[in-house]
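# Secondary and tertiary structure notes
Each chain, written out:
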Amino acid sequence: MKWASRLAFVMPLFLITGALISQYVFGLYPCEMCIWQRWPHYGAILLAGVSLLVSSRDIAKLFTALAGLAILGSGLIGGFHAGVEYGWWEGITACSTGFEQGLDADQIMDAILDAPIIRCDAAPWDFYGISLAGFNFLLSLGAAIAIFMLMHKSRKAG
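As a starting point, this report considers the structure included with it. These numbers come from a predicted model, not from an experiment.

## Describing the overall build of the protein chain
- Within the protein chain one finds five helices and two strands.
- Listing the helices and strands of the protein chain from first to last along the sequence gives α-α-α-α-β-β-α.
- A total of 158 residues make up the protein chain; the buried ones form 31% of that total.
- Surface summary for the protein chain: the accessible area is close to 9800 Å², and the carbon and sulfur share equals 68%.

## A few points about the side chain of serine 51
- Within the secondary structure layout, serine 51 lies in helix H2 (residues 32-53).
- Classification of serine 51 by relative accessible area gives buried; the value is 1%.
- For serine 51, the side chain forms a polar contact with the side chain of threonine 64, separated by 3.2 Å.

## Brief notes about the environment of glutamate 32
- You can see glutamate 32 is positioned in helix H2.
- Taking the relative accessible area as the measure of exposure, glutamate 32 reaches 25% and is therefore partly exposed.
- Separated by 49 residues in the primary sequence, glutamate 32 and histidine 81 have C-alpha atoms spaced 9.9 Å apart.

## Quick notes on a nonpolar patch on the surface
- The grouping of Ile21, Tyr24, Val25 and Phe26 at the surface amounts to a nonpolar patch, some 490 Å² of accessible area in total.
- Its place among the elements puts tyrosine 24 in helix H1 (residues 2-24).

## A closer look at the nonpolar core
- Counting residues in hydrophobic clusters, the biggest one holds 14 residues, and the most contacted among them are Ala8, Ala44, Ala67, Ile71, Ile147 and Met151.
- Going through the elements one at a time, H1, H2, helix H3 (57-85) and helix H5 (132-157) are the ones with two or more residues in this core.

## Structural notes on the environment of alanine 143
- Along the chain, the position of alanine 143 falls in helix H5.
- Take alanine 143: its relative accessible area is 4%, and that puts it in the buried class.
- Along the primary structure alanine 143 and leucine 72 are separated by 71 residues, whereas in three dimensions their C-alpha atoms are 8.0 Å apart.
- Setting aside its immediate chain neighbours within four residues, alanine 143 contacts Leu7, Met11 and Ile71.

## Regarding H3
- An ideal rise of 1.5 Å per residue puts 42 Å on 29 residues; H3 measures up with 41 Å between its terminal C-alpha atoms.
- Phi for glycine 87, located one or two positions after H3, is positive at around 80 degrees.

## Remarks on the environment of arginine 38
- Secondary-structure assignment places arginine 38 in helix H2.
- For the pair arginine 38 and glycine 75, spaced 37 residues apart in the sequence, the C-alpha separation amounts to 9.9 Å.
- Once residues within four sequence positions are removed from consideration, arginine 38 is found in contact with Ile16, Ala19, Leu20, Gln23 and Pro30.

## Considering the packing of H1 against H3
- At a minimum axis distance of 9 Å, the contact between H1 and H3 shows a crossing angle of 35 degrees. At the point where H1 passes H3, the crossing takes the left-handed sense. Mapping the contact onto sequence places Ala4, Ser5, Ala8 and Pro12 in H1 and Thr64, Ala67 and Ile71 in H3.

## Describing the side chain of histidine 41
- By the element assignment, histidine 41 lies in helix H2.
- Side chain to side chain, histidine 41 and asparagine 136 meet in a polar contact 2.9 Å long.
- The contact partners of histidine 41, leaving out residues within four places of it in the chain, are Pro12, Leu15, Ile16, Ile71, Ser74, Asn136 and Ser140.

Thresholds, definitions, all that
- Position numbers for residues count from 1 along each chain, tracking the sequence in the order it is written.
- Only residues with pLDDT of at least 70 are given local features in this predicted model, and only at 80 or more are side-chain atom pairs given and counted; all residues enter the totals for whole chains, interfaces and linings.
- Hydrogens and water molecules were not included; the side-chain quantities draw on all heavy atoms of the structure.
- Secondary structure elements are taken from DSSP: a helix is a run of H or I of four residues or more, a strand is a run of E of two residues or more, and numbering for both begins at the N terminus.
- A 1.4 Å probe rolled over the protein chains alone gives each residue an accessible area, and that area as a share of the maximum for its type sets the label: buried under 20%, exposed over 50%, partly exposed in between.
- For accessible areas, the Shrake-Rupley method is used with a probe of radius 1.4 Å. Any residue's cover is judged against the shown protein chains and nothing else.
- Identification of polar contacts relies on pairs of N or O atoms within 3.5 Å, with a donor-acceptor requirement for protein atoms, meaning one able to donate a hydrogen and the other able to accept it, and with residues adjacent in sequence counted only if both atoms are side-chain atoms.
- Residues qualify for a patch when their relative accessible area is over 30% and they have no salt bridge, like charges being joined within 9 Å and the nonpolar side chains of Val, Leu, Ile, Met, Phe, Trp and Tyr within 5 Å.
- Each reported salt bridge corresponds to a side-chain nitrogen of Lys or Arg within 4 Å of a carboxyl oxygen of Asp or Glu.
- Side-chain atoms within 4.5 Å link the members of a nonpolar core, which is a set of buried Ala, Val, Leu, Ile, Met, Phe, Trp, Tyr and Cys residues.
- The criterion used for residue contact is that any of the two residues' heavy atoms lie within 4.5 Å.
- By this rule, a helix spans an expected 1.5 Å times one less than how many residues it contains.
- All axes are obtained by fitting lines to C-alpha atoms, using only the stretch in contact for helices, and the reported angles, taken between N-to-C directions, cover 0 to 180 degrees.
- Crossings are assigned a handedness: left-handed for a near helix turned anticlockwise from the far helix by less than a right angle, right-handed for a clockwise turn.

Dropping the structure here:
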């Protein structure tokens, strides 16, 4: 059970760290769907962290399973996003940006014009044809499957 909890904590931490490094170090700014993929990973880190800290095996199982579902959710969003990038289907998002409160119309227009345009249907980077969203899909799906297999194995063993 501990291995499942550890994987549920480490994998989303690894993926979020990679996403933040790609954004802040390499300038690969996220689109709206990229941000969508991050939220379940943040949740999984918190859920798996709880599973590692509690002493009750039943509560640890519950939080590990919830973390596994969050990781799977992020992977499915990544799979959908990759399909949009590859042109397999159309995306469902619109461009959006946030503004500070209290800006006048000229400042809002300047913020809009200065904001980078990040399209959800164009991968800013790929490795052997696999985009970051595609890697999130593959790694998250693999991790979720491994987490549930480890949980099943520990249930049979103990």
